[in-house]
Structure formats: C-alpha cells, structure tokens
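In case you want the letters, here they are:
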Amino acid sequence: QATGVTPGRWIRAYSGAINVKWFGVKGDSDGTTGNGTDDTVVLQAIFSAIHTSKFYSIFMPQGKYRITSTLTVPNAPVGSAIDSSFKLEGESLRGTLIVADGAETAIELGETARTTAYTQDDTYSGYISNMSFSGIGSNYAIRCEWRYNRTTIDNCYAYGFDKAAFAQDREISDVLYVSDSKAWGLSLNNCKAKFNAIGFLISSHQTSMNNCLGALNDYGTVIQRGISVDLNDCDMEANATYEIEVRDASNLNIRGLYCETGYNSTYSIPGEGSKAVTPHPAINIAPTVLISGLNINNCWFKTNNIITSMIQVDTSSFSVYALTISNNLFGVSSTITADYIVDITGTSLFKSSYLSNYAANGAFTSGAVSYVNGFSFLDDTFGGAGNSGTFKTTPSFINLGVTGFSDISTVNVRVAQHGNIISLDIIDLTITGTSNASTFTLTGLPASLRPTTNHKLVSGLWASDNGNNRDDCRAQIATTGVITLYKDASAGSSTTWTATGTKRLRGNLITYMLD
C-alpha cells in the first residue's frame, strides 16, 4: 500500500480466464479415494461467482483436483441482464483431472432444484474442454441440466462413473418449464468415455456427437430421447451390453460410425477400471415410446466373435417408423459367423423402412429373408461367401403353405408394404421330390395384409417344371387370405405339374392394393 493512499482492497487488472489456484485450490490428489485436499468448497465458490463478476472463463492448470460433492454451475437470475455463459478449460486432456470422490456429479451445468418457472429466453450456454474426470463412487462426470442449452464439451475424457460419463438430461426440471418443451444444443467433440455404466447419455434435442470414443462401458451410447440427434464419425467398440442403444428418438442420424463388437474377455487399464465384455449385437433399437426417422449410413460394423445379429430391433412394446440402413459395411472374419445383419422381433408396427446398398463381408449364415411389415429391400449387394442370412423376424409373419406338394428344398419369399400397396416377391420356391399338384398356395399372411377376392393381383411369375420352362404363371385369390399360383396362365386352367423332377417357381412381384 502506498503512503497517503486510503486503505482498501486491491483489484486485479486482468481480463482473461481466472486461475483457480489464485484462490487456494490445491489440486494435489494422487487420484485415489481420500487422498489430497478436498477442493470442493473453494471451487464451488468460484463457480457460484461466475455470473456476478465480469469473469466468465475459468482455467484449471495441471493437477488432480479432489471433490466430494457436486460442483454446480448455477443459472443466472431469471430476467437478469447478466451474461449467462460459462467456460471452463483445463491445461490438457491428461494434465487436468477432476477426481469425483463420492460426489453425485463432478460438474452439473444448471440447478436441479429450481423453484422458479423457466421462460423461453431463460437459457444458458456452457463450454468445457481439455480435462479428464475420474469417478469413485460417483454417478456422472458432466451433467447438463436441460435448460443449460448450447453447451459444448471438447476433448474431455471420463472413466469410472456409475451412471453416465457425459449426460444431458432434460427430465430433471420438466415440471418447472412453462414455455418451450425443447432441450437443445449439446455438442460433444473428440470426447472419450471408458469404464462407465453409459459412456454418452443423450436426452436432448439438436444434439451432436463428433469423433467421440465409447469403449469398455456397459453401453457406449444411449439415446434416451431426443429430436434431431447426430452421431458423426464416432467409434463405439468393446462395450459390455450394446455399443449403441436407441430408446426414443426422432430424426436420429448415425453416420460414419466404426462399431466393433464380439469381444469376449475382461479388459483392464491400471488406475482407470476393468470391464468384462461378452459378444452381443452392436446396435439395439428398443423403443420405450416411439422411434421415427432413424438413419444408419456409411458405417462399418465388425464382429470378433459369433453373434446373432449386427443390428437388433425390438418392437414388442412400441413402434418403429422410417428406419433406413444404407451404404454400410458389415464384416465378419472367415472363421466367425453372424446370423443376421438385422434381427427384428416383436409385433408392434414396423413401417416404411429400408435396407439398401450394403456389403456383407464374411459369413452371415442363418435363413432367408422373411417378412417384415413395411420393409423394402433396395439394391442389395453382398460380398464374400455364405451370405444367405440377411433379415430375420421372430415370429415369422409369413408361412408358405403348399397344396399337394412335399419335399420343399428352398423357400425364399419377401413381403413389403408401401402405403396400401402390398408386394410379394417369390424369389425361389423349389420342390425336388415327386409330388404332383396344380397349385402352390401361400398362406399365413397377417390379417391386416390379407387380400380378399375383390382384390386384383398383378403378377409376373416364371416356372420350371421338370426342366421345362413355363411363362406367365397365374396368381389367383380363391378365398380371403389365400393366394394360389397356377402353373398355366390360362384362366380356369387346372394343368397339373409333372410328377417327377424338380419344380421351381421364381419371378418378380405379385402386387395388390388394400382397401
């Protein structure tokens, strides 16, 4: 203090980020439970003051900062003119570590116990980058309360959390928000998550994940709910339950994903965690409300072990609309098999969905394509040997009944619905025995798709009878739900099939329009 100057407090002449160590934060833990100074109180005081000062950026230099309760970044007062942004940066990904030692959440953006209703303009933005998070008996690394929008998390790594590493959860304050039902704007870039229950938990709108890695978690990524969610060029592999699970989403785009599954061992990283992993499908689509507009494009799926399918769809409880799987590579090694690319179970509606332009390298071994309500197959291409298995449904919705014949060696029938137009594709029906009859009869169509005698069929079938080709086989509806295929195209013909030799039906489509 200079002579003659009135005593008072000094003000730092500085406009950059504030350094937490200016205020006595130690960062002296070794990363284990109970070790080092508990920095919770001082760090929380800094976070709480962020909206009442002109400093909006916080810097945490190299160190391991132990906390024992959640660090909350509060919302600015409702209707205030105070800047509501928040910026927190570490020195480097591995240099700055926050050790959540029994804390519910390491950092929470926004308050869960808000007592004032939100308005449409009551939104906040956050930015966190260049640091790691370790969970010791803790649930979350970073959790964005659903009105803390436009949040970006860059170059962060989290491991050891019991619920999720990175999460935006819009549910925690739903009852207090009165104007706009959207939570939006979370961006995760170059982030990594290992040894957590869930690597990335998405419950928000307009969310993007870019170049993120989720490995050795129970789930790599879970899409809990959201509209307009994009996963771009991410890597999800060696997770214990699923690489990705989709529960409720509209307009979800998964692009450029590298997804490797089929691991069967226990993996450990000293100081970070251990995870037992067994083979499973890569993506599980299991709607808890509704999934509409899910696009999986330009991805590479790979398995290192025997699995039932690459993509599993369960419509047991709720429906899936507009699933598009296109331009993907599905790969298995020469000694490993996968039953199906896509395995669809359940009886709820599955409509207006497409599989197109895919390559399946290796052996997909089980069964022929079977019925999926509303599934279209476009420009299918296969690579490698043994690719007989493509799509499976359980239970099978179409059963092929054949009147007067036995010894069926090949049955391959596809059914697709385009609005109220139904298409039956008789790919191959082959009988190798000596049975003889005049008709093949397809039965077992679901009641909602059955034609009646009022429907006109359009068909273009080809037949082979003991080596002799027949053109223009006729399809006719004799009774509701039964389509009879005649060897001879002439109306009313009862020309019989030869009693010996191989008999085969192949062709284009039988189509008809529902009422």
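Everything discussed here concerns the structure shown above.
Below, the structure is looked at part by part. (Residues numbered from 1 in each chain as written. Predicted model: local features only at pLDDT ≥ 70, side-chain atom pairs only at ≥ 80, totals over all residues. Heavy atoms only, no water.)

## Description of the overall build of the protein
Stage number 1. From N to C terminus, the protein includes one helix and 45 strands.
Stage number 2. Expressed as a percentage of its 515 residues, the buried residues of the protein come to 54%.
Stage number 3. When contacts within the protein are restricted to residue pairs at least 6 apart in sequence, long-range pairs at least 24 apart make up 69% of them.
Stage number 4. Of the roughly 20700 Å² of accessible surface on the protein, a fraction of 49% belongs to carbon and sulfur atoms. (Helix = DSSP H or I, 4+ residues; strand = E, 2+ residues; numbered from the N terminus. Buried < 20%, exposed > 50% of the residue type's maximum accessible area, 1.4 Å probe, protein only. Contact = heavy atoms within 4.5 Å. Areas by Shrake-Rupley, 256 points an atom, 1.4 Å probe, with all protein chains shown as cover.)

## Some points on the packing of aromatic side chains
Stage number 1. In total, this model carries seven aromatic pairs according to the counting rule given.
Stage number 2. The interplanar angle of 70° and the centroid separation of 5.4 Å between the aromatic rings of Phe47 and Phe86 together place this pair among those described as edge-to-face. Highlighted residues: Phe47 in helix α1 (residues 40-48) and Phe86 in strand β5 (residues 85-90), separated in sequence by 39 residues. Of the two residues, Phe47 and Phe86, neither departs from the other in class, the shared state being buried. (Phe/Tyr/Trp six-rings, centres within 6.5 Å; stacked < 30°, edge-to-face > 60°.)

## Some points on unusual backbone geometry
Stage number 1. Of note in the backbone geometry, Ala238 takes a positive phi value of approximately 60° without being a glycine.
Stage number 2. Along the chain, Ala238 turns up in the loop between β19 (235-237) and β20 (242-246).
Stage number 3. According to the relative accessible area criterion, Ala238 is buried, its value standing at 8%.
Stage number 4. The phi dihedral of Asn298 falls on the positive side, at around 55°, and the residue is not glycine.
Stage number 5. With respect to the helices and strands, the residue Asn298 is situated in the loop between β26 (291-297) and β27 (300-303).

## Focus: the pattern of salt bridges
Side chains that differ in sign of charge can pair as their charged atoms come close.
Stage number 1. If you walk through the whole model with that rule in mind, you get eight salt bridges.
Stage number 2. Note that Arg143 is salt-bridged to Glu108, the shortest N-O span being 3.8 Å. With Arg143 in strand β9 (residues 140-145) and Glu108 in strand β7 (residues 105-109), this residue pair connects regions lying 35 residues apart in the sequence.
Stage number 3. On the basis of relative accessible area, Glu108 is assigned to the buried category, the value being 7%.
Stage number 4. Its salt-bridge partner being Lys275, residue Asp218 comes within 2.9 Å of it at the nearest N-O pair. Pair noted here: Asp218 is in the loop between β16 (213-215) and β17 (219-225) and Lys275 is in strand β24 (residues 273-277), with a separation of 57 residues, a long-range link.
Stage number 5. Exposure remark for Lys275: the relative accessible area of 14% places this residue in the buried category. (Salt bridge = Lys/Arg side-chain N within 4 Å of Asp/Glu carboxyl O.)

## Digging into the environment of Gly95
Stage number 1. For Gly95, the position within the fold is in the loop between β5 and β6 (96-101).
Stage number 2. Owing to a relative accessible area of 12%, Gly95 belongs among the buried residues under this scheme.
Stage number 3. Taking C-alpha positions, Gly95 is 8.4 Å from Asn130, a pair spaced 35 residues apart along the chain.

## With respect to α1
Stage number 1. Those residues of α1 that fall on the buried side of the exposure criterion are Thr40, Leu43, Gln44, Ile46 and Phe47. Buried positions in α1, seen along its axis, are confined to an arc of 160° and lie on one side of it. (Arc of directions from axis to C-beta.)

## Here's the deal with the pairing of strand β3 (residues 63-67)
Stage number 1. Judged by how many residues are buried, β3 sits mostly within the fold: four of five residues are covered.
Stage number 2. Inspection of the sheet shows β3 paired to β6 by five bridges, in the parallel sense. Following the sheet pairing, Arg66 is matched in β6 by Val99. (Pairing = 2+ DSSP bridges.)

## Overview of the environment of Ser138
Stage number 1. For Ser138, the location among the structural elements is in the loop between β8 (125-136) and β9.
Stage number 2. For the pair Ser138 and Ser69, spaced 69 residues apart in the sequence, the C-alpha separation amounts to 9.2 Å.
Stage number 3. Polar side-chain contacts of Ser138 include one of 3.4 Å to the backbone nitrogen of Gly102. (Polar contact = N/O pair within 3.5 Å; in protein donor to acceptor, adjacent residues only side chain to side chain.)

This is a description of form; function is not addressed.
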